[in-house]
Amino acid sequence: MNDTILIVEDEPKIARLVADYLSKSGYASDHIDHGNAVMAWLEENQPMLILLDLMLPGTDGLTLCRQIRERFPTIPVIMLTARVEEVDRLLGLELGADDYICKPFSPREVVARVKAVLRRSYGTTGADESLSEGERLTLDEDGWRAMAGSEDLNLTAVEFQLLKVMMHSPGRIFSRDQLMDHMYRDHRIVSERTVDSHVKKLRRKIADVWPDRDIIRSVYGVGYKYQPEE
C-alpha cells in the first residue's frame, strides 16, 4: 500500500480542486474519471484511501464500492455524491463505505474527512495535530466518564454511550436510527426527538467547558457526527 489517495470523479474541475487541497495538506493523489478503469488500477496500485463518486460513467460508485470491499477490504472509501436520498446513503455505508460527503462540498471539508477516516483506519493522519492536555476530550470507559481536559462532563449513561459511539468513528455520519440502536441496547421504541434531545444536552455540557468548540455536528437530513478539529 502506498501513501496516495485515489480520486474517482468524472468532473475534472472537482477532481482538480480536491487534488489541489489534498496536495496542500501533504497528500499525493491520482485521478480516474471512468468507473470501468478503477479495479484494474487497484490491481496494480493500492492507495491508502479512495474518494469515490457515486455517479460515474461505466461502473457506478455503489457497484465499485461493493467490488472494492470484496477485493481490497482494508482500503478506506469515502463516497462523493449529489444524491442525498437516505436510501442511497445507508446502502453505501452497508456496502462498506467509511463515510459520505454530499455535493456541493467545501474542499476543506473533504480534507478534514480524509484525515478523520485515516485516523480511525490507520491511527494517523500524516500530520502533527496533537492537542494540549487541556484541549483533549477523553473517555474513561471503565468509569463511564468523559473528560474535557481536566473537567468531568458529568454525562448520563445514555449521553456517555452516545458520545462514545461517535468518538470511536470520528467524521462518520450516524443516522438517528443508528444512534438509537447504540444508545438503547434493549431496542426500546423512542422517537427521533429523543436522540435530538440527548445530543442537545451533550452539546450544552461540552459548551459549558469549551464554548468556542463545535465538535458534535448535525448533518441536515441525516444525523450527527463527532468532528475533531483539524
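Residues numbered from 1 in each chain as written. Predicted model: local features only at pLDDT ≥ 70, side-chain atom pairs only at ≥ 80, totals over all residues. Heavy atoms only, no water.

Turning our eyes to something else, we now look at the overall build of the protein. When its secondary structure is counted, the protein shows eight helices and 11 strands. Taking all 230 residues of the protein together, 47% fall into the buried category. Within the protein, residue pairs in contact and separated by at least 24 positions form 59% of the contacts whose partners lie at least 6 positions apart. With the model as given, the accessible surface of the protein reaches about 11,700 Å², and the carbon-plus-sulfur share is 47%. (Helix = DSSP H or I, 4+ residues; strand = E, 2+ residues; numbered from the N terminus. Buried < 20%, exposed > 50% of the residue type's maximum accessible area, 1.4 Å probe, protein only. Contact = heavy atoms within 4.5 Å. Areas by Shrake-Rupley, 256 points an atom, 1.4 Å probe, with all protein chains shown as cover.)

Before going further, it helps to examine the sheet that holds strand E7 (residues 145–148). Spatial strand order, E6-E7-E8: three strands in an open sheet with antiparallel pairing. Every other strand in the sheet has two partners, leaving strand E6 (137–140) and strand E8 (151–152) as the edge strands with one partner each. With four bridges connecting them, E6 and E7 associate as antiparallel partners. Across the sheet, the residue bridging to Leu139 is Ala146, located in E7. (Pairing = 2+ DSSP bridges.)

Turning our eyes to something else, we now look at the pattern of salt bridges. Summed over all chains, the structure comprises 12 salt bridges. Close ionic contact of Arg71 with Glu43 constitutes a salt bridge, the shortest N to O distance being 3.1 Å. Of this pair, Arg71 sits in helix H3 (residues 61–71) while Glu43 is found in helix H2 (residues 38–44), placing the two residues 28 residues apart along the sequence. What makes Glu43 partly exposed here is its relative accessible area of 43%. Across the pair Lys225 and Glu109 runs a salt bridge whose closest N-O atoms are separated by 2.7 Å. Highlighted residues: Lys225 in strand E11 (residues 223–226) and Glu109 in helix H5 (residues 107–122), separated in sequence by 116 residues. The exposure class of Lys225 is buried, given its relative accessible area of 4%. Taken together, the shared-partner salt bridges in this structure form one network comprising Glu9, Glu11, Asp53 and Lys103. (Salt bridge = Lys/Arg side-chain N within 4 Å of Asp/Glu carboxyl O.)

On to the sheet that holds strand E9 (residues 174–175), then. Strand pairing within a sheet occurs via backbone hydrogen bonds; the two strands may be parallel or antiparallel. Pairing in this open sheet of three strands is antiparallel, and the strands run E9-E11-E10 from one edge to the other. Each of the sheet's edge strands pairs with one partner strand only, and the pair in question is E9 and strand E10 (216–219). As defined by bridge partners, E9 adjoins E11 across two bridges and the pair is classed as antiparallel. Pairing of Phe174 across the sheet is with Tyr224, part of E11. Contacting E9, E10 and E11, helix H6 (residues 157–167) crosses the sheet at an angle of about 70 degrees to E11. Sheet contacts for helix H8 (residues 192–209): E10 and E11; angle to E10, the most-contacted strand, approximately 145 degrees. (Axes fitted to C-alpha atoms, helices over the stretch in contact; angles between N-to-C directions.)

On average, the protein scores 83 in pLDDT, and the residues at 70 or more come to 85%. No element of the protein has a lower mean pLDDT than helix H4 (residues 86–94), at 57, and none a higher one than strand E2 (residues 28–32), at 96. With pLDDT under 50 throughout, residues 124–130 is counted as low confidence; its partners more than four residues away or in other chains account for 10 contacts. (pLDDT = per-residue confidence, 0-100.)

Before going further, it helps to examine H3. Of all the residues in H3, the buried ones are Gly61, Leu62, Leu64, Cys65, Ile68 and Arg69. Angular distribution of buried residues about the axis of H3 spans 160 degrees; they occupy a single face of the element. Backbone nitrogen of Leu62 and a side-chain oxygen of the N-cap are separated by 3.0 Å at the start of H3; the cap is Asp60. (Arc of directions from axis to C-beta. Polar contact = N/O pair within 3.5 Å; in protein donor to acceptor, adjacent residues only side chain to side chain.)

Let us look at unusual backbone geometry. Negative phi characterises most residues that are not glycine, and trans characterises most peptide bonds. Omega for the peptide link from Lys103 to Pro104 comes to -5 degrees, which places this bond in the cis form. Here Pro104 lies in the loop between strand E5 (99–102) and H5. Even without being glycine, Trp144 reaches a positive phi, approximately 55 degrees. Along the chain, Trp144 turns up in the loop between E6 and E7. Taking relative accessible area as the criterion, Trp144 reaches 45% and is therefore assigned partly exposed.

As a further point, take the environment of Ala116. Within the secondary structure, Ala116 is located in helix H5. With residues near it in sequence (within four places) discarded, Ala116 still touches Pro170, Gly171 and Gln227.

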